[in-house]
Amino acid sequence: MRRSMKIATAGVALFGLIALAGCTTDPSVAPAESENPEEAAETTEWFDQELFDKQDEERGVEPQGPADEPYLQHINAEMVDTAEFASDGAKKACFANASISNPWRQTGWITMNEQLKVLQDAGAISEMETRDAKDSDDTQIADIDYFIAEGGCDVFLISPNSTAAMTPAVERACETGKPVVVFDRGVNTDCPVTFIHPIGGFAWGIDTAEFLIDNLEEGDKVVALRILPGVDVLEHRWAGAEKLFEEAGIEAVDHFTGADPTEIKSIISDELAKGDVDGIWMDAGDGAVAAIEAFEDAGVDYPVMTGEDEMSFLRKWKDTGLTGLAPVYSNFQWRTPLLAAQMIFAGEEVPKEWVLPQKPITEAELDDYLAANEGMPDGHYAKFGGENLPGYPTVWQERQIP
């Protein structure tokens with residue numbers, strides 16, 4: 001049953017947020033109950049029962065790999081032979097990155113650069129030349145083609161800006177005969193040696209919807225705060241959650257927010273003016289604090305809420321005592337591509353699809369993650385997986401983007 005808490009005082013800390021989250025692309029859904037019919041129509045393309053079932057099953061699989069190194073674990077992996085790439089000496093990595101335009105990507109980028117230092121010291125990677133596409137398909141296509149033309153890359157690391165647009169460029173990289181590692185967001189080709197990602201958006205949607213359903217009653221109202229349309233992992237999160245809300249008799253309405261705290265507060269205020277809001281569902285944690293503050297401003301009970309493992313939400317969750325869950329899109333995946341490159345050049349087997357674990361933070365774990373990340377900035381992600389890297393904790397605390 002729902003546990004709520006009367007507010008005592010209103011908080012005033014808004015934080016600056018930026019739009020996109022980590023992602024991929026796939027098809028088929030029932031229309032979302034969006035305020036904008038065009039937005040609702042867009043979501044009809046995103047539900048995929050086979051992928052929903054696959055990710056639902058993977059949530060319960062015990063990962064293989066080192067217990068204390070989740071970035072090297074994998075789920076239901078088909079291992080592939082990389083002997084053809086075995087080669088001695090330090091290798092140059094060329095990284096085509098979608099962007100570092102939001103706190104999740106910035107946290108990962110810091111971690112990736114700390115992992116790079118370790119591999120440079122070990123003589124596995126000589127350097128990593130990086131080009132930042134700044135969320136532009138055209139720029140990233142040009143970046144990949146630049147790396148191909150340059151001819152000095154031993155391995156291509158690619159975090160695609162979008163799926164369909166980037167597929168031909170990834171295929172051109174594969175045609176060079178050099179190993180290609182894709183991570184975070186996918187492409188519509190199996191030519192990369194490995195594709196690295198957490199379980200996925202449907203798993204997020206299932207985790208979050210089941211939590212809200214377990215803590216609410218049939219007929220209760222959930223407001224879904226979505227960052228933006230058209231990004232597969234985000235669309236999958238909502239498609240999966242919406243399916244379960246409908247089956248459980250939960251009234252769910254969704255709004256796109258652009259991760260704008262002012263817009264989020266306005267949406268919540270408008271929904272509260274219409275009646276009770278019992279739950280808040282988010283497809284990313286950006287703006288979670290603003291959503292909570294809207295309830296404080298209105299002087300009403302806190303909702304049951306799902307946010308993300310960003311520190312701002314975890315701290316606000318603890319301060320308010322609301323009933324919460326922090327789903328995770330495992331940020332530690334930013335270490336895995338470089339480690340995969342090291343394994344490939346050693347001729348070791350790697351998973352063809354490298355599915356990393358993706359476990360939400362529960363109330364029982366909240367204090368532990370707060371303590372482990374004490375001193376980290378609000379934009380940091382609790383499950384970043386860099387605690388055993390040389391720069392810990394200073395480089396993440398200072399948050400200087402390389």
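Just above sits the structure.
Computed from a prediction, not measured in an experiment: that's the story for all the values here.

Colleague: I tried to follow the sheet that holds strand β8 (residues 251-256) on my own but got confused; where do I start?
Modeller: Either a parallel or an antiparallel arrangement is found when strands of a sheet pair, and the pairing is made through backbone hydrogen bonds. Reading across from one edge, β8-β7-β9-β10-β11 is the order of the five strands in this open sheet, with parallel pairing throughout. Of all strands in the sheet, those with a lone pairing partner are β8 and β11 (324-325), marking the two edges. Where strand β7 (residues 221-226) meets β8, six bridges bridge the pair, whose relative direction is parallel. In the strand pairing of β8, Val223 is matched with Val253. In the packing of helix α9 (residues 288-298) onto the sheet, contacts are made with β7, β9 (279-282) and β10 (304-306), and the angle to β10 comes to roughly 165°.

Colleague: Before we go on, may I ask you to explain empty space enclosed by the protein in this structure?
Modeller: If a probe as big as a water molecule is rolled over the atoms, it shows which places are left empty. The full count for this structure, using the stated rule, is two cavities of 30 Å³ or more. Volume-wise, the second largest cavity comes out at about 40 Å³. In terms of lining, the second largest cavity is formed by Glu58, Arg59, Val61, Pro63, Ile75, Ile199, Pro357, Gln358 and Lys359.

Colleague: Would you take a moment to explain the pattern of salt bridges for this structure?
Modeller: Pairing between side chains becomes possible if they bear opposite charge and their charged atoms approach one another. Under the counting rule described, the total for this entry stands at 22 salt bridges. Among the salt bridges present, the one from Lys117 reaches Glu114, with a minimum N-O distance of 2.8 Å. Note that Lys117 and Glu114 are positioned in helix α3 (residues 103-121) at a spacing of three residues, about one turn of the helix. With a relative accessible area of 43%, Lys117 lands in the partly exposed category.

Colleague: I keep staring at the state of the cysteines and nothing clicks. Help me out?
Modeller: One way to say it: the disulfide is the covalent bond shared by the sulfur atoms of two cysteines. Evaluation of the coordinates by the stated rule reveals two disulfides. The disulfide bridge from Cys94 ends at Cys153, spanning 2.1 Å between sulfur atoms. Its S-S torsion of approximately -90° makes the covalent link between Cys94 and Cys153 left-handed. With Cys94 in strand β2 (residues 91-97) and Cys153 in the loop between α4 (137-150) and β4 (155-159), the pair connects residues that are 59 residues apart, well separated along the chain. The exposure classification of Cys94 matches that of Cys153, with both residues buried. Sulfur-sulfur distance for the disulfide between Cys174 and Cys191 comes to 2.1 Å.

Colleague: Please explain the side chain of Thr82 as it appears in this structure.
Modeller: Here Thr82 is to be found in the loop between β1 (79-80) and β2. Under the relative-accessibility criterion, Thr82 is labelled buried at 0%. With near-sequence residues (within four places) excluded, Thr82 lies in contact with Val193, Met343, Ile344, Gly347, Glu348, Glu349 and Val350.

Colleague: It is not clear to me how the environment of Ala209 should be interpreted in this structure. Could you clarify?
Modeller: Secondary-structure assignment places Ala209 in helix α6 (residues 201-215). Of the residues examined, Ala209 reaches a relative accessible area of 0% and is grouped as buried. A C-alpha to C-alpha distance of 8.9 Å links Ala209 and Lys243, two positions 34 residues apart in sequence. In this view, Ala209 contacts Ala241, Leu244, Phe245 and Trp281; residues no more than four positions away in its chain are not counted.

Colleague: Explain α9 here, please?
Modeller: Residues that lie three or four places apart on an α-helix share one face, since the helix turns once every 3.6 residues. For α9, the buried fraction is high: nine of the 11 residues fall into the buried class. Buried residues of α9: Ala288, Val289, Ala290, Ala291, Ile292, Glu293, Ala294, Phe295 and Glu296, and no others. Downstream of α9 by a residue or two, Gly299 has a phi angle that is positive, lying close to 70°.

Colleague: Please clarify how the packing of α9 against helix α10 (residues 311-320) should be interpreted in this entry.
Modeller: When two helices pack together, their arrangement is given by the angle between the helix axes and by the axis-to-axis distance. Their axes nearest at 8 Å, the elements α9 and α10 cross at an angle of 30°. Here α9 is positioned roughly parallel relative to α10, judged by the angle of their axes. Contacts from Ala288, Val289, Ile292, Glu293 and Glu296 of α9 reach α10 at Ser312, Phe313, Lys316 and Thr320. Among the residues forming the contact of α9 with α10, the class breakdown is four nonpolar, two polar and three charged.

Colleague: Sorry, what's going on with the sheet that holds strand β13 (residues 353-356) here?
Modeller: Across the sheet, six strands lie side by side as β3-β2-β4-β5-β6-β13; this open sheet has parallel pairing. Strands with a single pairing partner mark the edges of an open sheet, and in this sheet they are β3 (125-132) and β13. For this sheet, the mean angle separating the axes of adjacent strands, direction not counted, is 20°. As defined by bridge partners, strand β6 (residues 194-198) adjoins β13 across four bridges and the pair is classed as parallel. From the neighbouring strand, Ile196 faces β13, where its bridge partner is Trp354. Against the sheet, α3 engages β2, β3, β4 and β5 (180-183), with an angle of about 160° to β3.

Cut-offs applied
Residues numbered from 1 in each chain as written. Predicted model: local features only at pLDDT ≥ 70, side-chain atom pairs only at ≥ 80, totals over all residues. Heavy atoms only, no water. Pairing = 2+ DSSP bridges. Helix = DSSP H or I, 4+ residues; strand = E, 2+ residues; numbered from the N terminus. Contact = heavy atoms within 4.5 Å. Axes fitted to C-alpha atoms, helices over the stretch in contact; angles between N-to-C directions. 1 Å grid on protein atoms, 1.4 Å probe; cavity = no way out; pocket = protein on both sides within 12 Å on 5 of 7 lines; lining within 4 Å. Points joined across faces, edges and corners; volume = space filled by probe spheres on them. Salt bridge = Lys/Arg side-chain N within 4 Å of Asp/Glu carboxyl O. Buried < 20%, exposed > 50% of the residue type's maximum accessible area, 1.4 Å probe, protein only. Disulfide = S-S within 2.5 Å. Parallel < 35°, antiparallel > 145°, perpendicular 65-115°, else oblique. Nonpolar A, V, L, I, M, F, W, Y, C, P; charged D, E, K, R; others polar.

These figures capture arrangement, not role.
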